[in-house]
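Close look at the chain arrangement
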Amino acid sequence: MRIREINAMRGPNYWSVRRHKLIVMVLDLEEMEELPSNKIDGFYDRLKTMFPSMYEHRCSIGEPGGFFQRVEEGTWMGHIIEHIALEIQTLAGMDVGFGRTRGYGEDGVYNVVFAYMEEAVGRYAAKVSVQICQALIDGEDYDMADDIQKMREIRESERLGPSTGSIVEEAESRGIPWIRLNKYSLCQLGYGANQKRIQATVTSETSSIGVEIACDKEDTKYLLEQAEVEVPKGDIIRRERSLEEACRYVGFPLVIKPVDGNHGRGITVDIQNYEEALEAFHHAKNSSRSGAIIVEKYIQGEDYRLLVINHVLVAAALRSPAHVVGNGKSTVQELIDEVNDDPRRGYGHENVLTQITVNELTQTIIEAAGYTVDSVIPDGERLILKDTANLSTGGTAEDVTDIVHPANVSMVERISKIIDLDICGIDIMTTDISKPLSETGGAVLEVNAGPGFRMHLAPTSGLPRNVAAPVIDKLFPKKGDTGRIPIVAISGTNGKTTTTRLIAHIAKMKGYRVGYTTSDGVYIQNRLLMSGDCTGPASTEFVLKDPTVNFAVLECARGGLLRAGLGFKKCDVAVVTNVASDHLGLKGIHTIEQLAKVKGVVPETVLPEGYAILNADDDLVYDMRRTVECNVALFSMDEENPRIKALQRLNGITAVYENGYVTICRGQWKMRIMKAENIPLTFGGKASFMIQNVLGAILAAHVQGISIEDMKAALETFIPSASQTPGRLNLFEFKDFSILLDYAHNPAGMRALQKFTNELEATVKVGIIAGIGDRRVEDNNEMGSIAAEMFDEIIIRQDKRLRGKSEEELIKMLNDGIKMKDPNKKTTIIPSEKEAITFAVKNAVKGSLIILCSDVVPDALELVKSLKEKDAKGELELI
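Residues numbered from 1 in each chain as written. Predicted model: local features only at pLDDT ≥ 70, side-chain atom pairs only at ≥ 80, totals over all residues. Heavy atoms only, no water.

All right, on to the overall build of the protein chain then. Each helix and strand counted, the protein chain has 29 helices and 38 strands in total. Across the 879 residues that make up the protein chain, the buried fraction comes to 56%. Sequence separation of at least 24 residues holds for 67% of the intrachain contacts in the protein chain that already meet a minimum separation of 6. Accessible area for the protein chain stands at about 36700 Å²; split by element, carbon and sulfur atoms hold 47% of it. Averaging the locations of the 101 positively and 125 negatively charged side chains of the protein chain gives two centres separated by 7 Å. (Helix = DSSP H or I, 4+ residues; strand = E, 2+ residues; numbered from the N terminus. Buried < 20%, exposed > 50% of the residue type's maximum accessible area, 1.4 Å probe, protein only. Contact = heavy atoms within 4.5 Å. Areas by Shrake-Rupley, 256 points an atom, 1.4 Å probe, with all protein chains shown as cover. Lys, Arg positive; Asp, Glu negative; His and termini not counted. Charge placed at Lys NZ, Arg CZ, Asp CG, Glu CD.)

Next up, the structure:
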């Protein structure tokens, strides 16, 4: 068995519009294609022994044990690998259940699809599942323990922490989209100009001054003292020689910690003598960036964390450090193991509690208590194992929000304003939080910026608190605000880029700050910021991350969708131009119906109140209306199209080409925009496929509330040119001939171009064409045949976009197609595009039209422009 490729879906995709996190592994079974599971001796028994928990896999049988039944009856290895990949992730603490295995369109090759929680874990599981399956086939032992632990470690290093994760989950529950901006905790909530950012529990609205103050315990303590807040007596030192005097001034017991420490790093508590203080000083020094160390009075009592968000107390927890309680029989290590057996404890942040680990600090604390890990401690004695009460080191938390005394509530809310933090965790030491600190002798120990939420989200005991909700309330205070910007997505085979550019132009004329993606680059306000084919999810995110953009127009092509899914989960409007045979035979897509399903993912993501704008003249596009959960608007080149008439009778929105006008209809009422012949993009109405693009664009503008006047102004100023529509019907008038440059790169595109060029007068029509390596032989043959119909003379060039084929192969495919149509057609083969264009220009006859079908538009444009400049200067040499 061999893995051909592994792709990770991160958004709506061909396999599922709703399940976004899917691994798609292309698996070649090779010799195993002929061996289903029931033909391999002992396979069934070995699988059951290795994975007894797979009994819960129902599979298509629909009941427990269903998958094992399928294995016993005989199923293919791709199917078994799918289930192994799901199961090993579940064993590693990531419970995933969705999977599919489908044929790839080649004998013995399958798409193995399964869910993941963390992409890196999913990719790892894909590879390991194949290895495990091979071991089961070969009857060899396989120890999964290392793989399971490795997946746990990958998850902990890759996933969002519990605090960030809770905020993101709360945002998602309110329909707020999000994007992870780095591999850590920096996340964007909302899109474009409406975005907010969080980094753990610090937000884009958190005061940087407040964070600086909170990180400087000296400043914090000074400000709180000035505000008459109870704080421990203390001193700040930087050198060891000052330690003894500080100890005398404050008095034992002490706490020693770095001024700029956080999350419990470098803190030592309950210090009883100078020797302990000296050791604690050096421990704090190792965790300090500034070298400043706090020596303060150790306040007796219990450790409480009070969480204040937007200057309101939202949760409080009693924290206890990791500890064990003796039973007079078990050793310390045995007691630790017993505590760790609690199913609520797990590796890292995978469960409510974290397992207790014995490190050097733990051993020091145990020894200070007079024990070792092998000691048996008396029944009922409590042995502290860590010097802080953090959950991440095995501590526990009990929710006490409802018993905090009003005086303490008022105090912490006031502190949040004194320090100027919108989110802060305030640490208090007191014997009873239900009484004012003034009565208990308690004190405020620290104010923390970016406090952890885990202890409040899932306390060991007490009521869990949704502390993420007030964060979202603060960032998005307006009811129903999702932080979105309008998104118009365009799909289809031909016309996507022009439609995208036209919609972007209309929105820009309306006053929006537009970001848009196309097959030639990413533009922010018409500024090209990324060049190349930018129709995938990475380019989409580039636009949606940009804080200057308040309107996004996104071209969504087949390749990116199959490779990683869409870069957004929901859009406001989707336009599908058409579906024609193109790219068939790639990525497991072999039929035009499968291709239509790929394109149809885009309209399926439209929000319920949004619009799917579909081409009523295309059967496959029109059928997409059956799978959408939004409004549908239709466009057609024929106002008598019965599909248009049916929607109009339902008072729906349509756009039609009628009596020479492009017209929007609400019900049967017409709103004529302008005559098609007056729209520059249509070349006087001759380019019918451009009229079709205009219909989809004006419908998208209309449902977004853009006025007819604004649409008309935009249509009049959208010129088919190298600047506004590069590579799309770019006509260059030379003194004695013309060059028309177009991106036509598939049979449907060539047919549309043929229909247009048939309307153009020329003494001779010369075509420069090229095959494309990732198209089928029959597609390139057809391109050649159409060229034979279109042109008087043909130049075949082939120096780009080979994509796995040789120049000779592609040239032969085109030539074969030409000969099928017209064996006597004048054909010249010049592999270099530059040389082919130069040859055509030098040999151009008066009144001729050179039609350049280029798939690498920027290079061709630059060359044609330079030739045009030479022609204007009289420097162009003709034969």
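The rest of the description comes next.
The next subject is the environment of T364. With respect to the secondary-structure elements, T364 resides in helix α12 (residues 360-368). Each C-alpha atom of the pair T364 and K386 lies 9.5 Å from the other, and the pair is 22 residues apart in sequence. Side-chain polar atoms of T364 contact the backbone oxygen of E360, separated by 2.9 Å. (Polar contact = N/O pair within 3.5 Å; in protein donor to acceptor, adjacent residues only side chain to side chain.)

Taken together, the four strands give an open sheet; going across it, the order is β5-β6-β7-β8, and neighbouring strands pair in antiparallel fashion. Since the sheet does not close on itself, it has two edges, and those belong to β5 (178-180) and β8 (202-203), each with one partner. With three bridges connecting them, β5 and strand β6 (residues 186-189) associate as antiparallel partners. If you follow W178 over to β6, its bridge partner there is L189. (Pairing = 2+ DSSP bridges.)

Here we take up unusual backbone geometry. Excluding glycine, residues mostly carry a negative phi; peptide bonds, for their part, are mostly trans. For the peptide bond that leads from F252 to P253, omega is 0°, which places it in the cis range. Structurally, the position occupied by P253 is in the loop between α9 (243-250) and β10 (254-258). In the Ramachandran plot, H311 falls in the positive-phi region, its phi being about 65° despite a non-glycine side chain. Assignment of secondary structure puts H311 in the loop between β13 (302-309) and β14 (312-320).

This part takes up the pattern of salt bridges. A complete count under the given rule lists 46 salt bridges for this structure. One salt bridge in this structure joins R159 and E156, with 3.1 Å as the shortest N-O distance. The salt bridge partner of D623 is R626, with a shortest N-O separation of 3.8 Å. Taking relative accessible area as the criterion, D623 reaches 37% and is therefore assigned partly exposed. Exposure remark for R626: the relative accessible area of 61% places this residue in the exposed category. Salt bridges here are not isolated pairs; linked through shared partners, they connect R2, R4, D28, E30 and E106. (Salt bridge = Lys/Arg side-chain N within 4 Å of Asp/Glu carboxyl O.)

This part covers empty space enclosed by the protein. Scanning the model with the defined rule gives six cavities of 30 Å³ or more in all. Considering only enclosed or pocket space, the largest cavity measures out at about 120 Å³ in volume. Taken together, E5, N7, M9, Y14, W15, V24, V26, Y104, N111, L561, L562 and K587 make up the full set of residues lining the largest cavity. The element contributing the most residues to the lining of the largest cavity is strand β1 (residues 2-9), with three residues. Of the residues contributing to the lining of the largest cavity, the split by class is eight nonpolar, two polar and two charged. The space that makes up the second largest cavity amounts to roughly 80 Å³. (1 Å grid on protein atoms, 1.4 Å probe; cavity = no way out; pocket = protein on both sides within 12 Å on 5 of 7 lines; lining within 4 Å. Points joined across faces, edges and corners; volume = space filled by probe spheres on them. Nonpolar A, V, L, I, M, F, W, Y, C, P; charged D, E, K, R; others polar.)

Right, let's get into the side chain of H57. With respect to the helices and strands, H57 occurs in the loop between α1 (43-50) and α2 (66-73). For H57, a relative accessible area of 13% translates into the label buried. A polar side-chain atom of H57 sits 2.8 Å from a polar atom in the side chain of H83. Excluding anything up to four places from it in sequence, H57 contacts E63, G65, G66, F67, H83 and E87.

A separate point is the layout of surface pockets. Where empty space is left in the structure can be found by rolling a water-sized probe over the atoms. Here the second largest pocket is characterised by a volume of approximately 1700 Å³. What lines the second largest pocket is a set of 47 residues, and nearest its centre among them are K21, M117, E118, L160 and W178. When contributions to the lining of the second largest pocket are tallied by element, the ones reaching two or more residues are α4 (119-138), α5 (145-158), α6 (162-173), β5, α15 (454-457) and α18 (537-545). With six residues, the single largest contributor to the lining of the second largest pocket is α6.

The subject of this paragraph is a positive patch on the surface. On the surface, R19, R100, R102 and K597 cluster together into a patch of positive charge. Considering the arrangement of structural elements, one finds R102 in strand β3 (residues 99-103). Among the residues examined, R102 registers a relative accessible area of 42% and is labelled partly exposed. (Patch = residues over 30% accessible without salt bridge, like charges linked within 9 Å, V, L, I, M, F, W, Y side chains within 5 Å.)

Our next topic: the environment of I673. The topology assignment puts I673 in strand β32 (residues 669-675). When the C-alpha positions of I673 and R626 are compared, they lie 29 Å apart, and in sequence the two are 47 residues distant. In contact with I673, not counting residues within four places along its chain, are V662, T663, I664, I698, I708, M711, K712 and L715.

Attention shifts here to the sheet that holds β13. The five strands lie next to each other as β19-β14-β13-β20-β21, forming an open sheet whose pairing is antiparallel. Since the sheet does not close on itself, it has two edges, and those belong to β19 (396-399) and β21 (443-449), each with one partner. Each neighbouring strand pair of the sheet contributes to a mean axis angle of 30°, computed without reference to strand direction. As paired elements, strand β20 (residues 423-430) and β21 share six bridges and run antiparallel to each other. From the neighbouring strand, G425 faces β21, where its bridge partner is N448. Sheet strands touched by helix α13 (residues 406-419): β13, β14, β20 and β21. Its angle to β20, the strand with the most contacts, is close to 130°. (Axes fitted to C-alpha atoms, helices over the stretch in contact; angles between N-to-C directions.)

Attention now moves to the nonpolar core. In terms of nonpolar packing, the biggest core is built from 67 residues, with I613, M750 and I769 touching the most fellow members. For this core, the leading source of residues is helix α23 (residues 688-703), giving eleven residues. Setting aside its immediate chain neighbours within four residues, I769 contacts M750, A787, F791, I794, I795, I796, R797, L814, I818 and C853. Formed by 51 residues, the second largest nonpolar core is a distinct cluster that contains I6, I23, F51 and I148. (Core = buried A, V, L, I, M, F, W, Y, C linked by side-chain atoms within 4.5 Å.)

Moving on, we come to α2. Here α2 has its buried residues at G66, F67, F68 and V71. Contact partners of the buried residues in α2: α1 and α3 (77-91). Looking one or two places after α2, you find G74, whose phi comes out positive at around 115°.

Now for a negative patch on the surface. Together, E334, D337, E338, D341 and D374 make up a negatively charged patch on the protein surface. Its place among the elements puts D341 in the loop between α11 (332-340) and β16 (345-346).

Let's shift gears to the pairing of β3. Of the strand pairs in this sheet, β3 and strand β4 (residues 109-115) are connected by five bridges, and their pairing is antiparallel. Its bridge partner being in β4, T101 is matched across the sheet by V112.

Below, the discussion takes up the packing of aromatic side chains. Tallying each qualifying case throughout the model produces seven aromatic pairs. Each ring, one from Y14 and one from W15, has its centre 5.2 Å from the other, and the planes form 80°; the classification is edge-to-face. On the accessibility criterion, Y14 (11% relative accessible area) is buried. The exposure class of W15 is partly exposed, given its relative accessible area of 21%. Clustering of aromatic rings is evident, with ring pairs tying together Y44, F67 and F68. For K48, the ring lying beneath its charged end belongs to F68, and the centroid distance is 5.9 Å. A cation over a ring is seen here: K233 above Y249, with NZ or CZ 4.5 Å from the ring centre. (Phe/Tyr/Trp six-rings, centres within 6.5 Å; stacked < 30°, edge-to-face > 60°. Lys NZ or Arg CZ within 6 Å of the ring centre and 35° of its normal.)

On their own, these measurements won't tell you what the molecule is for.
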